[in-house]
Every structure is written in structure tokens, then in C-alpha cells.
Amino acid sequence: MTTPALLPLSGRRIPPLNLGASSFPHHRATLRLSEKFILLLILSAFITLCFGAFFFLPDSSKHKRFDLGLEDVLIPHVDTSKGGKNLGGYLIHGQGHDEHRHREEEERLRNKIRADHEKALEEAKEKLKKSRDEIRAEIQTEKNKVAQEMKKKDSKPLPPVPVPNLIGINSEDPADKDIREKRDKIKEMMKHAWENYRQYGWGHNELKPIARKGHSTNIFGNSQMGATIVDALDTLYIMGLHDEFREGQDWIDKNLDFSVNSEVSVFEVNIRFIGGLLAAYYLSGQEVFKLKAVQLAGKLLPAFNTPTGIPWAMVNLKSGVGRNWGWASAGSSILAEFGTLHMEFVHLSYLTGDPVYYNKVMHIRKLLQKMEHPNGLYPNYLNPRTGRWGQHHTSVGGLGDSFYEYLLKAWLMSDKMDTEARKMYDDAIEAIERHLIRKSNGGLTYIGEWKNGHLERKMGHLTCFAGGMFALGADGSRDDKAGHYLQLGAEIAHTCHESYDRTTLKLGPEAFKFDGGLEAVAVRQNEKYYILRPEVIETYWYMWRFTHDPKYRQWGWEAAQAIDKYCRVSGGFSGVKDVYSSSPAYDDVQQSFFLAETLKYLYLLFSNDDLLPLDNWVFNTEAHPLPVLHLANTTLSGNPAYR
Ligand code: DMJ
């Protein structure tokens, strides 16, 4: 759970090389084309040279060459009776042997070589006669052929896997009419978001609901990967919007292609795409989702080729070249990014029987385990070249958050067998409680940020997810402190609710302070925005599941109404720039996580508990539900085909 898209990026780009082909406008494809021309010219000159040389060389040397060729390669025969020499099973014809046949053979070969040369020369000449457009079209056809062949190779069916017992995909409507109506309202909001995306942004990553066109950010690279479709699929399924689900499936089947020259965020693509595809696969049983998830995962693997095995933040899907965000401390990778791969990668190994994914994430864990933890804390930055921590900043919000979440969820997903993950979680949470969690003068519990030995009394909207995490981790906690952690979850939920309640729009700011007289309020202008984030509602939902205290449904409903009132526009839903203003400006982005998370958690808040019960499902950090693997361990035991 981090927000790289919102942080300043270096934006460094290498300008395309210009070989002076002025009639070809500055484009990389054009560059490749002119390179082809030069190669073609060199080739034809070379062929002409060889051809000419052949006729001008003295006869004796020509013969020598042919003899060599014939002797060494062409006459593998074992019959020495006619005066030949037998060398290692291959017969070399000597003088006195059927000279006539030999000469005929030579002549035939000479003619063949001459004809081949002439043909090659003709073809080269023909090529040069063609216009650039014709050559370009030919190159394109070749490329398409190669791409098709690669696609065919990629689409090989995966081995069958016994799918874990899936419980609670469907559930009855809530008995209470009021709750039913609220749930219907959330479903209607989902339809509004989806239909507008379909109409104005279909295939793009996200939607600009006011400009009514597609939108994207650098986390998705430069190609249209339909992030909203993939992220929204399981929400559509859970809500029973099956026609919409099928539209999404159809688009994915026909258009979702990962062989693109595009540099994406490994973390974002993992949580939104791989997580989304895996959840859609488990819910619907449609093989296409599993296949696409595995194809995409293969494209992320080169990101792990670093001296330490800690992956780069970004990877080019085509070239496999990785790098880190320019803004990250001393070229570091980010804890919440490389630490939020475990759930999806374990499922990939489970489904494919290939240990490669599992090994990658276990390697990260082992490395983190061995490192020194200043004050028991995990800094947000780790250099993938040196294996050393960057700046000593620790956060349960952006840059750190979902690393802790995935330790807990690794344990839950393994049917509580992965006790190593649980221990790491317990140790980390104890250190966080000691150093980062405080009570304000007004009695609000908050989680600050640790910066070089100093506690910043500021909490992010992202950090609010931790209320739900504490509640989820209560059962099974060390020293039987379940009550304590449930209480801590409730306190964080309360603080985050206050951050909503103290605004004009009743929507929470991006970050809020606990300094002096100010509590749970944003101070800086650039922290007053709300971009349809889910974390506060996520915590309400977990707290509802564990306590059934009606206030959580009440708070969730307040948030839903505020979103519908202030973020809804005729073209979808938009973030707002200032939650303290009664007429805020829109940011004009409908984030894909609004459909994946915010609306899903709201829908679940007004559903019965037997819809995706938490004993059987674990939600990834993008709210994509993955089944608990009720097995002896989480390595590869799911796929007997490979044992
Ligand atoms: C989501 O993409 C995920 O929850 C991620 O972990 C962090 N932030 C956004 C939503 O705010």
C-alpha cells in the first residue's frame, strides 16, 4: 500500500537516437527501419563482391575450396574398396576414384551456388526497389507473425490444479430492508462508475469522469492495460453484475497483452492485475484469468535480477530492464512494494506448480529477517544493490504499510501454518506500538511516522487501514492479547472517523496532524484532498465483522453518502481537492481502486458475514479475495501434477 504515483518522479527519459534520416520523422520504429536499409545495402554489396570474386579467382583456388567442402562435409560414406580414405567413418574420395562422377557432382554444386547467389542478389535488388512504406509493411507483417507465434506459445494451457474449497461466493440478501437498500445503493454506485468507464474510458487504465476520456499514470506504464477492468472484475462478480463481468472477461481475453514496450510498477501491477486476475479466476473458475496472471507474472520476474534479489520498483515488460523510482532514498527499493508480493506469488506457485514465484518472495523474507532492525523497526528504504537500508524512516502508511499487512496475511493464507510470518508480524507490531503509536491530548490514538529517531505526529489516510489489520491479527496474537489488538483497531477506526467528521464534506483528508491544538485535521493545503481511497471504510468493515457494533455500518453509510454527494459527477466519480471547502474542485480521476476496494468494502459492510467469510478468504491489499490454502504448508503442495 503505497502511493508512488503521487510522489515526484525523476521523469528522466533517454532521447531517441537520431541517425539523420530526416525524411523519417523522429520515431524509434523509423530508426529501426533506417537501420534495416543500411543493413540491406551492406548485404547486397557483400553478395555482389562474393559473386564477382568467385568469377575472378584463379581456377585452382576455386577447386581447392570445393574439394574441401566436398571432402569434409558432403560425402559420408564407408567404402574404401575404390581407393578412398576412411577418416572417422566419413569417406574422402581420392584420385583414381570415379573422377567423372566427382566432376559432375562438383559442377552441380557450383551451379547451385551460382544460382543461389544470383537469387539472393535479385532479392536484394527487388527489396531496394520497394518503397519505404512497402518495406515498413513487410517488417510489420514479420513482427506480427513473430508476436502471434509468441502468443501461441504463451497460451499453452496450464496443468489442472485442485481448487481449494471455495466457501461463501454467494450469499442471501440481508434480511433487514434498510441494510438491503443501502447495499443496493452501493451496487448502483458501482454501475455508475463502471458504465461511464465503459463508455468513455474503455481499455484505458482509468477514467477522467469530467473530461470523459481515458486516464493513466506512470505506475501503469505507457500502454492501455485496462487497469479498471481488471481491478473491478471481482467486485462486479460479488455484486452479481454478471453481464458487466462478462464484458470485462471478453476484453481481457481479446485485448490484454503484456508483450508491450512499457515500464510498469512491479508492486501496482502485482496487487491490481495479478491479484485481480487471480481473484476473478477463483471466483468464476474461468481459465483465462489464471493464464493471464501467469503470463504477467513471467514478465515481472526480471525485476528480481538484482545483486540482492530485492526487486526493482519498475520493470519494462518487454526488455525486462528494471530500475528504481528517482525520488527514493539513494536508489532504494521501497519496503511496501517489494514486501507486498507474497500472497499473489504463493498463489502463482500453487496454481502452476512452479516454485519460482514462491522462491522469489521467500528470498526477500529471509533477507529481511537477517537484517538489523533499528529499534525493532523496518525502514522504508532498502538498496537492492548493496542490501543496506536507506534513510531510517518507518511508516505504517505510505511506503511501509502493506509489508506488515502481508506478514499477517501470509500466516492467515497458509491456514496459520506459516508461523515464521506471524512471528515477524508480532515482532514488528510490538516495535510499532512502542515507537509509533501515541494518544493525543484529546484522547485520540494515532500512528505517527518515525524519521531518523524522531516521531512525526502525522497520520496518513493510508495508515487508517491498520485499524482493520490490528483487528484481523487479534486472534492468534502473542501472549493472548486479542482483546488488546481489537481495542487498538477500534481506537484507530475512531480516530480515522474523526478525521472524516472534522471536515466540511465528511470525507477524510490525505494526511492529518496531531500537533498543538490541532487534532485529526489536515494543515497543509496539499494534504487536504480525498481521492476516493478505501482505507477508512476497509477498517470499518473489518471492525464490523469482528464486533458487529452498528456504529461501523453507520460510519460507512456516512462515507458512502458523502462520496455520492460530493464525488459523483455525471461521467463517473472524481476525487476532490479540498475536503474542508464546501465547493471543492475535482481532480477529475476515477481511480481503479475505487471500484476494486472502496465500493467492494462498502458492499461487504452491508452484506451478511457468510459472503466471503474471513476464515476462508484473505483479501490482498487491493481488496482482491484469495482463498486460504488449507494445506500443511504453502510451498507447492497444491499441485499434485508437479510433485
Ligand atoms: C490501493 O491501490 C491499495 O490499497 C494500495 O495498497 C495502497 N493504496 C491504494 C488505495 O489507496
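Residues numbered from 1 in each chain as written. Predicted model: local features only at pLDDT ≥ 70, side-chain atom pairs only at ≥ 80, totals over all residues. Heavy atoms only, no water.

(A) Region of the structure containing the sheet that holds strand β17 (residues 518–521). With respect to topology, 3 strands assemble into an open sheet ordered β15-β16-β17, the strand pairing being antiparallel. Unpaired on one side and paired on the other, β15 (458–460) and β17 mark the two borders of the sheet. Taken pair by pair, the neighbouring strands of this sheet meet at an average axis angle of 15°, ignoring direction. With 3 bridges connecting them, strand β16 (residues 511–515) and β17 associate as antiparallel partners. Across the sheet, the residue bridging to Lys513 is Val521, located in β17. Those strands touched by helix α16 (residues 482–501) are β15, β16 and β17, and its axis lies near 105° from that of β16. (Pairing = 2+ DSSP bridges. Helix = DSSP H or I, 4+ residues; strand = E, 2+ residues; numbered from the N terminus. Axes fitted to C-alpha atoms, helices over the stretch in contact; angles between N-to-C directions. Contact = heavy atoms within 4.5 Å.)

(B) How the structure looks around the side chain of Ser329. Inspection of the secondary structure assignment puts Ser329 in the loop between β7 (322–323) and β8 (333–334). What makes Ser329 buried here is its relative accessible area of 11%. Only 3.1 Å separates the side chain of Ser329 from the backbone nitrogen of Gln391, close enough to count as a polar contact. Excluding residues within four positions of it along the chain, Ser329 makes contact with Tyr381, Gly390 and Gln391. (Buried < 20%, exposed > 50% of the residue type's maximum accessible area, 1.4 Å probe, protein only. Polar contact = N/O pair within 3.5 Å; in protein donor to acceptor, adjacent residues only side chain to side chain.)

(C) Up close: the confidence of the model for the protein. Looking at the protein, the pLDDT average stands at 85 and 80% of residues meet or exceed 70. In this model, residues 1–33 is a region of pLDDT below 50 whose contacts with residues beyond four sequence positions or in other chains number 62 contacts. Of the regions scoring below 50 in pLDDT, residues 52–96 engages in 45 contacts with residues more than four places distant in sequence or in other chains. (pLDDT = per-residue confidence, 0-100.)

(D) Region of the structure containing the packing of aromatic side chains. In this structure the tally under the stated criterion is 26 aromatic pairs. Here the aromatic residues Tyr378, Trp389, Phe403 and Tyr404 are joined through ring pairs into a cluster of three or more. One residue, Arg422, lies across the ring of Trp411, its end atom 4.5 Å from the ring centre. (Phe/Tyr/Trp six-rings, centres within 6.5 Å; stacked < 30°, edge-to-face > 60°. Lys NZ or Arg CZ within 6 Å of the ring centre and 35° of its normal.)

(E) How the structure looks around the nonpolar core. Residues Ile186, Phe470 and Ile563 are the most contacted members of the largest nonpolar core, which totals 165 residues. Broken down by element, the residue count for this core peaks at 12 residues, all from helix α8 (residues 266–284). (Core = buried A, V, L, I, M, F, W, Y, C linked by side-chain atoms within 4.5 Å.)

(F) Looking closely at helix α5 (residues 177–201). The terminal C-alpha atoms of α5 lie 35 Å apart, and with 25 residues this matches the ideal 36 Å at 1.5 Å per residue to within 8%. Restricting attention to buried positions, one finds in α5 the residues Ile179, Lys182, Arg183, Ile186, Met189, Met190, His192, Ala193, Trp194, Asn196, Tyr197 and Gly201. Capping the start of α5 is the job of one residue whose side-chain oxygen sits 2.8 Å from the backbone nitrogen of Asp178: Asp176. A positive backbone phi angle near 90° is found at Gly203, which sits one or two residues after α5. (Expected span 1.5 Å × (residues − 1).)

(G) Focus on the state of the cysteines. As enumerated under the stated definition, the model contains 1 disulfide in all. The disulfide bridge from Cys464 ends at Cys496, spanning 2.1 Å between sulfur atoms. Here the S-S torsion is close to -95°, and the disulfide linking Cys464 with Cys496 is therefore left-handed. With Cys464 in the loop between β15 and α15 (465–474) and Cys496 in helix α16, this residue pair connects regions lying 32 residues apart in the sequence. Cys496 shares its class with Cys464; the two are buried. (Disulfide = S-S within 2.5 Å.)

(H) Inspection of the sheet that holds strand β6 (residues 314–316) at higher detail. On the basis of which strands lie adjacent, the open sheet formed by 3 strands has the order β5-β6-β7 and antiparallel pairing. In this open sheet, the two strands that pair with only one neighbour each are β5 (263–265) and β7. Relative to β6, β5 is paired through 3 bridges, and the arrangement is antiparallel. The residue bridging Val264 from the neighbouring strand is Val315, located in β6. Strands in contact with α8 are β5 and β6; relative to β5, the strand with the most contacts, it is inclined by about 65°.

(I) Representation of the packing of α5 against helix α19 (residues 592–605). Between α5 and α19, whose axes approach to 9 Å, the crossing angle comes to 170°. Relative to α19, the element α5 lies roughly antiparallel. α19 is crossed by α5, and the crossing has left-handed handedness. Facing α5, whose interface residues are Arg183, Ile186, Lys187, Met189, Met190, Ala193 and Trp194, α19 presents Phe594, Leu595, Leu599, Leu602 and Tyr603. Tallied by class, residues from the contact of α5 with α19 come to 10 nonpolar, no polar and 2 charged. (Parallel < 35°, antiparallel > 145°, perpendicular 65-115°, else oblique. Left-handed = near helix turned anticlockwise from the far one by under 90°. Nonpolar A, V, L, I, M, F, W, Y, C, P; charged D, E, K, R; others polar.)

(J) Region of interest: the pattern of salt bridges. A complete count under the given rule lists 38 salt bridges for this structure. A salt bridge links Glu188 to Lys185; the nearest nitrogen and oxygen atoms lie 3.0 Å apart. Here the residue Glu188 and the residue Lys185 both occupy positions in helix α5, the gap between them amounting to 3 residues, near one helical turn. Relative accessible area serves as the criterion here: at 31%, Glu188 is assigned to the partly exposed category. The partner of Arg365 in a salt bridge is Asp418, and the shortest N-O contact between them spans 2.8 Å. Of the two residues, Arg365 is situated in helix α12 (residues 356–370) and Asp418 in the loop between α13 (401–413) and α14 (419–435); the sequence distance between them amounts to 53 residues. (Salt bridge = Lys/Arg side-chain N within 4 Å of Asp/Glu carboxyl O.)

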